[in-house]
Amino acid sequence: MFIIDAIESLQAAMDIFEERNQAVNGWHRRRMARIRDVIGPAPRDLPRQVRHERINVDEDHLSFMSNDQNKVGLYVAAKPLSPENYYFEIEIVDTGAISAIGIGLVPYKYPMDSQPGWRQFSVGYHADDGQLFKASGFGRPFGAKCNIGDRMGCGVKFKKSEEDRQQVEQAVQVFFTRNGQEVGTVTVPNPPGGLYPAVGMHSDGEEVRLILDAEWQYEELMHMAVDSGEEEWLRLHDIKLNGMTLEYSGRGKSIHDVGLAQAKYPLDTKNHYFEIEIVDPGENCYIAIGVARRNYPKDRHPGWNKGSIAYHADDGKIFVGSGIGDPFGPRCQKGDVMGCGIMFPPDYDSEVDSDLSPDETEESQERVVDHDNLYNPETDSEDDDWANYVNKEPETGTKIFFTQNGKIIGYKNVTIPKGGFYPTVGMLSSCEKVRVDLRPLTG
């Protein structure tokens, strides 16, 4: 009797162990399935089936299918872009009601109710507003709007050497084209499984012709962001350059200890935007991003003096040629990305449409400024109304815009000074450090 009871107890224990083992294995399988749904299949399991919802596919023509839920229609190709097949195009046949057509790259398991660029690991160039969307529902000014007959292209500038190809690139350079001309380039993460051609639509009547075997020639991939040398910079005052990183090296004791970095070339219609990422906010996060005239005083924060405008990280204020700032956006801290750019009118001519003399000396611009109520302003008779700033909403003419973490904060109307506006970064407290990208949207 004792032996029988022992056997039955042992069998019950084994049954419990087996149930737990099955439960754990089932949880593990479900968890791995969820992970695969997010990042897509492993490279060895590349799918060979086109995905599309609310998109009618008629050979190489794609058209939007109306739906009661008013959801986005999306087409995702069967194969990711590769070094052998790195580019595709669409030709707009009909813009439909609102021309909500987007072209870009997405992971294979991308949500089918989102435009390219709206979600993680995706990027897209949209026809209706010419904006670039990168893993966010907020777009950034990028290129021209597109209409019937225009061709929109998208590709990846893979590394060409065989040695570089042996390792999967963690980030890739994605470029977009319009009617055979490159619009710009942006760096995006390269998810497991690669990036797949995608086309989104969202209004009745939209139709495009898909050209997956389109051809495009690009030169050997070079450094597309900031060069590691000082030749990219016109001036570095109390700032050290370490690769793509700017480090404050001043005393940080008074307002005259500003460190200033000014790029060698002004923003123009091709390179119209730049960004900084706060690597270390330092003691006070007195970090500013903006644009300034070429002969801007080297020991003044951008925005404090005439011929400049800047967004300051420590208080979220905008400074427009004056030491007194106005509330503008959120404060910024470590890890935040701050951007500044210019929206030029389509007919902008740098020789005709800019204003103000470039012959002013630094001495004529010096003043004591008021920053975060730490000191008192001393103004003189100089006219600080050097540009037409109205509010944060876009109006006609040339506009300066600022971003935080990819989202546009606001706009200011400006008159461009003779010679143009130069990307400018200021710092004023010990240990401040930023990573800068002078060409995040262009090649």
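A brief structural summary.

Some remarks on the state of the cysteines
Think of a disulfide as a covalent bridge from one cysteine sulfur atom to another cysteine sulfur atom. Counted according to the given criterion, the structure contains zero disulfides. Cysteine 285 takes part in no disulfide bond, and the closest cysteine sulfur to it belongs to cysteine 332, at a distance of 7.2 Å. Owing to a relative accessible area of 8%, cysteine 285 belongs among the buried residues under this scheme.

Things to note about the sheet that holds strand β17 (residues 245-248)
On the basis of which strands lie adjacent, the open sheet formed by seven strands has the order β16-β17-β28-β19-β24-β25-β26 and antiparallel pairing. Both outer strands of the open sheet, β16 (239-242) and β26 (407-413), are each paired with one neighbouring strand and no more. Ignoring strand direction, the axes of neighbouring strands in this sheet form an average angle of 25 degrees. Examined bridge by bridge, β17 and strand β28 (residues 433-437) share three bridges and lie antiparallel to one another. The residue bridging glutamate 247 from the neighbouring strand is lysine 433, located in β28.

Concerning the environment of isoleucine 409
Inspection of the secondary structure puts isoleucine 409 in strand β26. Residue classification places isoleucine 409 among the buried positions, given a relative accessible area of 18%. Considering only alpha carbons, one finds isoleucine 409 and glycine 339, 70 residues apart in sequence, at a separation of 9.6 Å.

Let's talk about unusual backbone geometry
If you check the backbone angles, asparagine 179 has positive phi at about 55 degrees while not being a glycine. Take asparagine 179: it is sitting in the loop between β11 (171-178) and β12 (181-189). Note on asparagine 179: relative accessible area 31%, which makes it partly exposed. A positive phi angle, near 75 degrees, is found at cysteine 431, a position not held by glycine. Residue position: cysteine 431 is located in the loop between β27 (422-427) and β28. Overall, the relative accessible area of 52% leaves cysteine 431 in the exposed class.

Rules of the game
Residues numbered from 1 in each chain as written. Predicted model: local features only at pLDDT ≥ 70, side-chain atom pairs only at ≥ 80, totals over all residues. Heavy atoms only, no water. Disulfide = S-S within 2.5 Å. Buried < 20%, exposed > 50% of the residue type's maximum accessible area, 1.4 Å probe, protein only. Pairing = 2+ DSSP bridges. Helix = DSSP H or I, 4+ residues; strand = E, 2+ residues; numbered from the N terminus. Axes fitted to C-alpha atoms, helices over the stretch in contact; angles between N-to-C directions.

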